[in-house]
Amino acid sequence: MPKTSILFVCLGNICRSPMAEGIFLKMLQHQDLTAHYDIDSAGLISSHQGELADSRMRFHASKRDYTLTHRSRPVTKADFDRFDLIIGMDDDNIKGLNRLASTQHQKAKIHRMTDFCKILNDTFVPDPYYGGDKGFEHVIDLLEDACQGLLLEISDGSKFPKNSTN
Ligand code: 4NP
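Residues numbered from 1 in each chain as written. Predicted model: local features only at pLDDT ≥ 70, side-chain atom pairs only at ≥ 80, totals over all residues. Heavy atoms only, no water.

Undergrad: How should the overall build of the chain be read in this particular structure?
TA: Regarding its fold elements, the chain presents 6 helices and 4 strands. When the elements of the chain are put in sequence order from the N terminus, they spell out β-α-β-α-α-β-α-α-β-α. The C-alpha radius of gyration of the chain comes to 15 Å, within 12% of the 15 Å expected for a compact globule of 166 residues. Projecting the C-alpha coordinates of the chain onto the three principal axes gives extents of approximately 40 × 35 × 30 Å. Counting across all 166 residues of the chain, residues that qualify as buried make up 49%. Once local pairs closer than 6 in sequence are excluded, the contacts in the chain between residues at least 24 apart make up 74%. Here the chain displays about 8,100 Å² of accessible surface, and carbon together with sulfur accounts for 51% of that area. Seen as two clouds, the 20 positive and the 23 negative side-chain charges of the chain have centres 3 Å apart. (Helix = DSSP H or I, 4+ residues; strand = E, 2+ residues; numbered from the N terminus. Rg over C-alpha atoms; globule rule 2.2 N^0.38 Å. Buried < 20%, exposed > 50% of the residue type's maximum accessible area, 1.4 Å probe, protein only. Contact = heavy atoms within 4.5 Å. Areas by Shrake-Rupley, 256 points an atom, 1.4 Å probe, with all protein chains shown as cover. Lys, Arg positive; Asp, Glu negative; His and termini not counted. Charge placed at Lys NZ, Arg CZ, Asp CG, Glu CD.)

Below is the structure:
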């Protein structure tokens, strides 16, 4: 059976997108769905390449029982062929992804994380890097809401069919 592949993207790939990856992977594990998905994350800049998620992000993640093991990597043009869905966290991420996409088909894979939220009304996932504890907690609140909504939309098959072609 074809897997649904999802790439979460933020600027540095050390806070928001590895957190989204960690939350989505845990949801899949709880629902015994891991085998049906290919999940990864990446950043629009490469300055943190090879690093684990920011220690503050990992600390707040651990308080909710998430373990983040991803190492930062930059998003590449090849990602637009490999992944079914490419999900950015804010306006700048969406703009950066659109600049990297080569075709309309690739552009159509780009989505905004907060569009999947079912509870919170925020329109972007704010960058917590230069902020404090509250910012990191808010990021996790938003990403938990969005990941739940995303999994629901994929599972009901109406929006993102599993056999979507690249
Ligand atoms: P992220 O946060 O995009 O959520 O990973 C950031 C991490 C690093 C930087 C900016 C945002 N930076 O400028 O190095």
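Undergrad: Would you take a moment to explain the pairing of strand S3 (residues 85–88) for this structure?
TA: The two faces of a sheet get side chains in turn, since along a regular strand they alternate between them. Across the two faces of S3 the burial is the same, with Leu 85 and Ile 87 and Ile 86 and Gly 88 all buried. Relative to S3, strand S1 (residues 4–10) runs parallel, the two sharing 4 bridges. Among the inter-strand pairings, Val 9 is bridged to a residue of S3, identified as Gly 88. Of the strand pairs in this sheet, S3 and strand S4 (residues 110–112) are connected by 3 bridges, and their pairing is parallel. Opposite Ile 87, over in S4, you have His 111 as the bridge partner. (Pairing = 2+ DSSP bridges.)

Undergrad: Any chance you could explain helix H6 (residues 133–155) here in plain terms?
TA: The α-helix advances 3.6 residues per turn, and as a result positions three or four apart in sequence lie on the same side. A rise of 1.5 Å per residue sets the reference length of H6, with its 23 residues, at 33 Å; its end C-alpha atoms lie 33 Å apart and thus fit the reference within 8%. One or two positions beyond H6, positive phi appears at Gly 157, with a value near 75°. (Expected span 1.5 Å × (residues − 1).)

Undergrad: What exactly am I supposed to notice about the packing of helix H1 (residues 16–30) against H6 here?
TA: In a pair of packed helices, the angle between the axes and the distance between the axes together describe the arrangement. Contact geometry for H1 and H6: axes closest at 9 Å, N-to-C directions at 50°. Our classification of the angle between H1 and H6 gives oblique. Handedness of the crossing formed by H1 with H6: right-handed. Along its contact with H1, which presents Arg 16, Met 19, Ala 20, Ile 23, Phe 24, Met 27 and Leu 28, the element H6 presents Val 139, Ile 140, Leu 143, Glu 144, Cys 147, Gln 148, Leu 150, Leu 151 and Ile 154. Its residues placed into classes, the contact of H1 with H6 shows 13 nonpolar, 1 polar and 2 charged. (Axes fitted to C-alpha atoms, helices over the stretch in contact; angles between N-to-C directions. Parallel < 35°, antiparallel > 145°, perpendicular 65-115°, else oblique. Left-handed = near helix turned anticlockwise from the far one by under 90°. Nonpolar A, V, L, I, M, F, W, Y, C, P; charged D, E, K, R; others polar.)

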